[in-house]
Amino acid sequence: MTAYGNFPGSRPRRLRTTPAMRRMVAETRLDPANLILPAFVREGIDAPVAISAMPGVHQHTLDTLRKAAVEAVAAGVSGIMLFGVPDDANKDARGTAGTDPDGILQVALRAVREEVGDDLVVMSDLCLDEYTDHGHCGVLTADGRVDNDATLERYAEMAQVQADAGAHVVGPSGMMDGQVGVVRDALDQTGHEDVSILAYTAKYSSAFYGPFREAVGSSLTGDRKTYQQDPANARESLRELALDLEEGADMVMVKPAGPYLDILAKVAESVDVPVAAYQISGEYAMVEAAAEKGWIDRDKAILESLTGIRRAGAQMILTYWATEVAQWLGTGRTPGRG
């Protein structure tokens, strides 16, 4: 054997020798408190409806939504983000079901708050797309364009009714210019100064939203490229970030998560407010589909994907695996760590 003196003098592999060693020196840790569960609640059903493109995820009834919220609390999940799915008959051009105090999302917010109180941060998606018959996130002009300023008026109404229904946090997600400022003013003027805003700061026009369209029963034809961000752009996200913070955002988010870890890292390095990332439906579906084929280890892939998002700078992660992963972490079962 050739002698090389002290070469190599530094051996990083020494810190990888055992599972206990790897756990001890891990630079990034996941905790149930990092996780937020997105959940869908559908009007007019008496049993959960499976979402074919998202195995294991359902459109909830009010009763099963309550149970999901209780399970999330028990697992240590921090929050739940609610999306309403109205009957098609209740959709119209202005998305009025979204501002109806008795609309499905408002009813769901009250139900979850009644069930878990303040034990879970109850969040609401503040957008019109689920409620419009055209599927866009705002009010349309006569020639079919999304009218930014008319949409802001609708968002102000949504903020008020969602806060009245019990939302701790509202998440304006339509990517309208000025949406955070308008929502903040609407909340403050109606006595909801304590309701927080999770700004969808960098929301990209992504191919990975596909399964979500099924989940919310979207009526969209075409795309949202005129208001969601272009995947080619990075600096633009920092411009959006500066505007959202100036307008009063309490927390900021990058969506999707996995394909935009570079954006997430830039945002996290630039702010002193909490940063979230949304691991969206297409990210979920890819892992589940590949695992079903036997091509990847499902549990290890889930944990690796979440660790990567956390490592890039997300303090909070919206993921459809939130409760399941929180249960793993709570019992010390961490696939892939060994």
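We now turn to the structure provided with this report. (Residues numbered from 1 in each chain as written. Predicted model: local features only at pLDDT ≥ 70, side-chain atom pairs only at ≥ 80, totals over all residues. Heavy atoms only, no water.)

Things to note about the overall build of the protein chain
In terms of regular secondary structure, the protein chain is built from 11 helices and 10 strands. Radius of gyration (C-alpha) of the protein chain: 21 Å, near the 20 Å computed for a compact globule of 338 residues. Its C-alpha atoms put the protein chain at 80 × 45 × 40 Å along the principal axes. Residues classed as buried in the protein chain amount to 50% of the 338 residues present. In the protein chain, the share of contacts with a sequence separation of at least 24, taken over all contacts with a separation of at least 6, comes to 75%. By element, 49% of the accessible surface of the protein chain is carried by carbon and sulfur atoms, the whole surface being about 15,400 Å². Treating the 32 positive side-chain charges of the protein chain as one cloud and the 49 negative ones as another, the clouds have centres 13 Å apart. (Helix = DSSP H or I, 4+ residues; strand = E, 2+ residues; numbered from the N terminus. Rg over C-alpha atoms; globule rule 2.2 N^0.38 Å. Buried < 20%, exposed > 50% of the residue type's maximum accessible area, 1.4 Å probe, protein only. Contact = heavy atoms within 4.5 Å. Areas by Shrake-Rupley, 256 points an atom, 1.4 Å probe, with all protein chains shown as cover. Lys, Arg positive; Asp, Glu negative; His and termini not counted. Charge placed at Lys NZ, Arg CZ, Asp CG, Glu CD.)

Description of a nonpolar patch on the surface
Residues Leu15, Met24 and Val25 make up a contiguous nonpolar surface patch of roughly 280 Å² in combined accessible area. Relative to the helices and strands, Met24 is located in helix 1 (residues 19-25). (Patch = residues over 30% accessible without salt bridge, like charges linked within 9 Å, V, L, I, M, F, W, Y side chains within 5 Å. Salt bridge = Lys/Arg side-chain N within 4 Å of Asp/Glu carboxyl O.)

Topic: the pairing of strand 9 (residues 275-278)
With burial as the criterion, each face of strand 9 is covered, one bearing Val275 and Ala277 and the other bearing Ala276 and Tyr278. Handedness of the crossover joining strand 8 (residues 251-255) and strand 9 through helix 8 (residues 261-270) is recorded here as right-handed. Examined bridge by bridge, strand 9 and strand 10 (residues 316-318) share three bridges and lie parallel to one another. By the bridge assignment for strand 10, Ala276 is matched with Met316. (Right-handed = clockwise from strand over helix to strand, strands pointing away. Pairing = 2+ DSSP bridges.)

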